[in-house]
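A look at the structure
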Amino acid sequence: MHGHAGVGQGEQGDEVGQRSVRGWAGTLTGVAALFVLLRLLAVAHYDWHTAFALLHTLDFEDAPAIFLGTFMANEVVSSVLLVAILPFTVFAKLTGRAHPEERAQWVGSALLSVVLVSLIVAHVRTFHSWGLLIGIAVLAVLIPLVQRGRSHPRVGKAVEFVLQRSRLLAATAALACAAAVSTPWVPLERIETTTEGTRDYYVFDVSPGFLKVLTEDEHAFHIFRDDEVRSRTELTEH
């Protein structure tokens, strides 16, 4: 009897775990779709017609590329996100070490830490962003204090409340960034055409016979034929 009860409890636990995974997968899918939609509107300067035109240049499966493009296209955004992501990663790593049953989460956080260090090195070498290093140094001081605060009789509950909702806070921050940042996730190019002369454009789609772009200043949507384009030069600093 006890054996059958143990098996039943195990199957019930597996079913609960599978439902939890499906729930997280559905949530991530919804957040990704909302992220793409908000980026679309922000880049279009919340112009309905421009957003509709841009919609046909992308696929919602491009969400990872759009997220990385948003992160890498703007120096300020990448600096803020690197400083903001770091504490969540360290907190998850510390939590995983405190609870051995969450060792997989700890390994994932450790791998993410390696990626973050690589991104920080590349960012500092490219932009000489010493402010980023200052922010990281400040966090290096604050994180141990917050970790100690978890056991404090007065602020411990508040700290645990924030840590337990770190994923929700991260998703909210990502969506806020998507809605506020108007820098496109695609390269900026200096393009010479027979109709508009030489101007800077964000290139969204290169299809056979056509080039779909946004102007750098007004974010106005244009379509050029191949025979209208004389030259294209990608601008690395934008």
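Residues numbered from 1 in each chain as written. Predicted model: local features only at pLDDT ≥ 70, side-chain atom pairs only at ≥ 80, totals over all residues. Heavy atoms only, no water.

The next subject is the environment of Thr172. Here Thr172 shows up in helix H8 (residues 166-180). Taking the C-alpha atoms as reference, Thr172 lies 9.2 Å from Val31; in sequence the two are 141 residues apart. (Helix = DSSP H or I, 4+ residues; strand = E, 2+ residues; numbered from the N terminus.)

So, about the side chain of His219. Locating His219 in the fold gives a position in the loop between strand S3 (210-215) and strand S4 (221-225). Given a relative accessible area of 5%, His219 falls into the buried group. For His219, the side chain forms a polar contact with the main-chain oxygen of Val43, separated by 2.6 Å. A distance of 3.4 Å separates a polar atom in the side chain of His219 from a polar atom in the side chain of His45. Those residues in contact with His219, other than ones at most four positions away along the chain, are Val43, His45, Thr50, Ser182, Pro184, Tyr202 and Leu214. (Buried < 20%, exposed > 50% of the residue type's maximum accessible area, 1.4 Å probe, protein only. Polar contact = N/O pair within 3.5 Å; in protein donor to acceptor, adjacent residues only side chain to side chain. Contact = heavy atoms within 4.5 Å.)

Before going further, it helps to examine the nonpolar core. With 20 residues, the main nonpolar core has Leu54, Trp185 and Phe204 as its most contacted residues. Those elements giving two or more residues to this core turn out to be helix H1 (2-43), helix H2 (48-55), helix H3 (63-73), H8 and strand S2 (197-207). Top contributing element to this core by residue count: H1, with 5 residues. In this structure, Leu54 is in contact with Leu40, Val43, Ala44, Phe204, Leu214 and Phe221, ignoring residues within four places of it in sequence. Residues Phe71, Leu81, Leu116 and Ile136 belong to the second largest nonpolar core, which totals 14 residues. (Core = buried A, V, L, I, M, F, W, Y, C linked by side-chain atoms within 4.5 Å.)

What follows is about the sheet that holds strand S5 (residues 229-235). To summarise the sheet geometry, strands pair through backbone hydrogen bonds and adopt either a parallel or an antiparallel arrangement. Spatial strand order, S4-S3-S2-S1-S5: 5 strands in an open sheet with antiparallel pairing. Every other strand in the sheet has two partners, leaving S4 and S5 as the edge strands with one partner each. Taking each pair of neighbouring strands and ignoring which way they run, the sheet shows an average axis angle of 45 degrees. In this fold H2 packs onto S2, S3 and S4, with an angle of close to 45 degrees to the strand it touches most, S4. (Pairing = 2+ DSSP bridges. Axes fitted to C-alpha atoms, helices over the stretch in contact; angles between N-to-C directions.)

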